[in-house]
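Understanding the architecture of this molecule
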Amino acid sequence: MKTSILPNDRPSAASSFVRLIREGAAPAFRLLARPSTLAQIPRLLAEGLGPVRRMLIQAHNNREMARLARQQAPVTILSSSARSGSTWICYLLGDVLLQNQGIETTTELPIDPDTIIVHYYSKLIARRDTSAQTPGCMIRTHDLIPQLQQHIGGDPAVRKWRYLYMYRTPEDAMVSTFHLFRREKHLHSKNSHDIDLFCLEVLPGWIEHVKSYLDALDEGVEVHLVSYDQLLRQTTVVLSETLRWLGIPHTDATVARAHSNMLFAKLQAREAKALEGRTPLFRRGYEKGFPYATQLRPGKVPFFRKGSEGAGRTELKPETLGKIRDATQDLFARANESLARQSARHQSIRQEPPPAYLAEPDSRRGHAEVMPASNGR
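The structure contained in this document is the topic of the report that follows.

The rules we used
- Residues numbered from 1 in each chain as written.
- Predicted model: local features only at pLDDT ≥ 70, side-chain atom pairs only at ≥ 80, totals over all residues.
- Heavy atoms only, no water.
- Salt bridge = Lys/Arg side-chain N within 4 Å of Asp/Glu carboxyl O.
- Helix = DSSP H or I, 4+ residues; strand = E, 2+ residues; numbered from the N terminus.
- Buried < 20%, exposed > 50% of the residue type's maximum accessible area, 1.4 Å probe, protein only.
- Phe/Tyr/Trp six-rings, centres within 6.5 Å; stacked < 30°, edge-to-face > 60°.
- Lys NZ or Arg CZ within 6 Å of the ring centre and 35° of its normal.

1. Describing the pattern of salt bridges
Taken as a whole, this structure holds nine salt bridges when the rule is applied. Residue K123 is joined to D112 by a salt bridge in which the shortest nitrogen-to-oxygen separation is 3.4 Å. Of the two residues, K123 is situated in the loop between β2 (117-119) and β3 (137-141) and D112 in the loop between α5 (86-100) and β2; the sequence distance between them amounts to eleven residues. Of the two residues, K123 and D112, both sit in the buried class. The salt bridge involving K211 is made with D215; its shortest N-O contact spans 2.7 Å. Taken as a pair, K211 and D215 lie in helix α8 (residues 195-218) at a separation of four residues, close to a single helical turn. When salt bridges that share partners are traced, they join K211, D215, D218 and R334 into one network.

Structural data, given as structure tokens:
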């Protein structure tokens, strides 16, 4: 694999921020006028420019998504409830996409994957990095489909987009979200110091999120499911199936390299070295190859915390765990059943792949395998 040297043609931070304000001011003011946003004004004033910048970016992105919908451009949304593995799979996919362009990859990717699979809350869709060829515009968010539709003025075209949806064992996702709330300055909860109360507080949100995407799948929206727990146990198998659904060229070798690069132990080691005992103020952003902004503050919890199953079982009281499982067991079983049907369907068509969506990658190190997007139902 050759190593590509990428040109340093990015504008300065100051000019980028000026452009952001100029292009995003009008939609941002409309967003600001909503009652739900006005209720957050005290927090925005207390936290400085960080929340303001996020608001400008999201307003700008809403306008760009509306344009994509009007033009019927191909869009894939990568979504999940909080702490369900969307960051990890974004890194895995980004690694393969960069390899397909002949770019040497390590755990420290040379291009921020959040600018390839655009992070809706912190990166501009209109300025996404096109160094890696993707099957249309790819956007990462935690929003539900109805929320996305509201963002772009109610256009039903969002239901014609594709959705890569990740879900995780509910108690593990909620425990991980608790630790995220303890770390992130801009997140607030009245129960952020009591893990059991916190998990019961966010339980309805987890149920709503997963149910919404499963309902959309049953209604005919193209949704591809990925289980975080299965991705942990069978990373290369699940990643390969996801790449086939997306229509992204890959080989056994490129998948294995991405898996090796993005092992949690390596991500944690890189994070520990870069932070040197500090916790990032902002979750994303790239500086010198590390996925965090340069503004850091003393903290407790790293982003890549464990990368394992069973946190809910070990950290919650038995009665809390019982309440969560009673409330989610039918929905979680429904998700797993839908995933099993999806896997069986994909297995049955693997022998007759349609023409590739993208160009074949260099397949010197293995057989190149490509499958265009198939209906997630």
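2. A word on the packing of aromatic side chains
Overall, the coordinates contain eight aromatic pairs when judged by the stated rule. For the ring pair Y120 and Y121, a centre distance of 5.0 Å and an interplane angle of 80° mean the geometry is edge-to-face. With respect to burial, Y120 and Y121 carry one shared label: buried. Feature note: the residues W88, Y228 and F264 constitute an aromatic cluster, connected by ring pairs. Looking at R162, its charged tip hangs above the ring of W245, at a distance of 4.8 Å from the centre.

Geometry only, nothing functional implied.
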